[in-house]
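# Remarks on the overall topology
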Amino acid sequence: AESLLRTGRSFGRSIHALCNVHAMVSNGIARKGEQSEEPEEAFTARERRENKMFAALLKSLLGLEARLMAGDSEDILLITTMLQKGSSSARSEDIKILKSIILDWLVVPGDTLFPPMSANVKADCGFRHDATGALLCPVGIDWNNLEQKIKSGELKVSGEQWPIMVYASYTYNEDAPWKGLLQSSILLKVFRQIFTSRNGPRNIGMHTSLTSVTPASIAYAAVQARFALLSSAVFSRSNTVTDSEIFYNCVIDRLEAPDNIREVDCLLAWWNRLIFPDHTPISRLISKNSVLAKIKAKRMAIKLAALGNPETLLHQLPDNES
DNA sequence: ATCGAGACCTATGAATATGG
DNA sequence: CCATATTCATAGGTCTCGAT
């Protein structure tokens with residue numbers, strides 16, 4: 001039971017944050033039964049993704065698969081309830097911590113916000129304040145020009161629009177939309193807070209199969225960062241004002257689209273180098289005995305060398321690791 | 001008087017937030 | 001991480017009003 005909670009926390013943070021665990025598990029079990037007959041192509045994209053999530057979940061806790069496959073519906077409900085609880089409580093605890101510190105990250109140490117904002121009054125944040133509004137402003141839109149329209153609600157910002165805060169140096173290049181994407185300093189700080197601080201799962205990977213940054217974990221950090229800057233007080237999956245779920249899925253869609261594999265590999269390597277400095281990203285890419293993977297890794301090595309050092313802002317980061 | 005559509009209220013359980 | 005408080009969504013109830 002204890003381990004189910006922990007697994008749920010980790011599942012939410014790095015596999016999928018905003019799903020109905022019971023539905024996902026039920027579907028997973030059902031499909032596993034018919035897997036022998038149904039070819040992979042018979043599944044919709046959504047089902048395939050759900051299968052992946054389910055597989056990742058099974059791998060993350062020893063004995064879980066056997067227990068789920070035993071088919072005791074009461075036991076399954078108990079398990080999924082615990083997992084959901086772990087996932088939800090991790091989310092709200094992360095929200096709580098970020099709420100209290102994210103404003104500190106918006107200014108250089110020693111400086112103050114103008115007008116002043118208090119960490120526990122979210123109502124002042126979001127598009128109502130320059131400091132947060134400028135970061136939430138969708139890419140391609142100049143905050144200085146449209147500030148009034150966004151503030152007054154004349155212009156609605158949806159979850160499908162990428163806030164400039166996910167781009168490195170808060171700079172978006174229309175001709176190179178991958179440049180700096182999901183590599184901003186604020187996102188990195190949020191990720192570190194969630195995954196490597198004293199409160200977060202320092203031992204990321206210990207009770208999961210994860211030993212590296214996942215697309216979903218980046219999306220999770222992004223949705224947390226975005227919500228922390230917004231003025232809404234309550235995080236709600238279905239809330240159409242904050243659109244958190246839509247935004248989260250957008251990030252995941254982009255990171256899982258087959259067309260983007262090369263860019264995403266590069267991005268993940270960047271993250272892994274920062275979050276798991278002890279592991280070399282090159283060796284990580286060589287999976288098993290695949291020749292293709294080795295060629296890929298070699299290309300990656302060249303690419304990485306060309307990429308140079310991670311964002312220059314990096315050295316300003318407070319070092320909150322042990 | 002009867003009916004149904006809609007506005008408004010209320011109780012309840014589920015989802016979130018928060019203090020310790 | 002847990003226990004408690006707060007907030008939200010929903011179902012069901014009551015009331016009003018216009019049409020028949």
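Further up the page is the structure itself.
Residues numbered from 1 in each chain as written. Chains lettered and ligands numbered in written order. Predicted model: local features only at pLDDT ≥ 70, side-chain atom pairs only at ≥ 80, totals over all residues. Heavy atoms only, no water.

### Quick word on the overall build of chain A
Counting its secondary structure elements, chain A contains 13 helices and zero strands. Going from the N terminus to the C terminus, chain A shows its helices and strands as α-α-α-α-α-α-α-α-α-α-α-α-α. A buried classification covers 47% of the 322 residues belonging to chain A. Pairs at least 24 residues apart make up 68% of the contacts formed inside chain A by residues separated by at least 6 positions. A total of about 16800 Å² of accessible surface is found on chain A, and carbon and sulfur atoms cover 53% of it. (Helix = DSSP H or I, 4+ residues; strand = E, 2+ residues; numbered from the N terminus. Buried < 20%, exposed > 50% of the residue type's maximum accessible area, 1.4 Å probe, protein only. Contact = heavy atoms within 4.5 Å. Areas by Shrake-Rupley, 256 points an atom, 1.4 Å probe, with all protein chains shown as cover.)

### Notes on the packing of helix α1 (residues 2-14) against helix α9 (residues 215-229)
Here α1 crosses α9 at 80 degrees, and the two axes come no closer than 6 Å. For the element pair α1 / α9, the angle class is roughly perpendicular. The segment α1 lies against α9, with Gly12, Arg13 and Ser14 engaging Ala216, Ser217 and Tyr220. Considering only residue class, the contact of α1 with α9 consists of two nonpolar, three polar and one charged. (Axes fitted to C-alpha atoms, helices over the stretch in contact; angles between N-to-C directions. Parallel < 35°, antiparallel > 145°, perpendicular 65-115°, else oblique. Nonpolar A, V, L, I, M, F, W, Y, C, P; charged D, E, K, R; others polar.)

### Considering the protein's contact with DNA strand C
Residues in close proximity to DNA strand C include Leu5, Arg6, Arg9, Glu93, Lys96 and Val234, which together make up its full environment. In the interface set of DNA strand C, defined as its atoms within 4 Å of the protein, sugar plus phosphate atoms amount to 50%. Taking Arg9, its side chain carries an N or O atom lying 2.7 Å from a phosphate oxygen of DNA strand C. Those elements that provide at least two residues to the surface near DNA strand C are α1 and α5 (73-101). Considering only residue class, the surface near DNA strand C consists of two nonpolar, no polar and four charged. (Near = heavy atom within 4 Å. Polar contact = N/O pair within 3.5 Å; in protein donor to acceptor, adjacent residues only side chain to side chain.)

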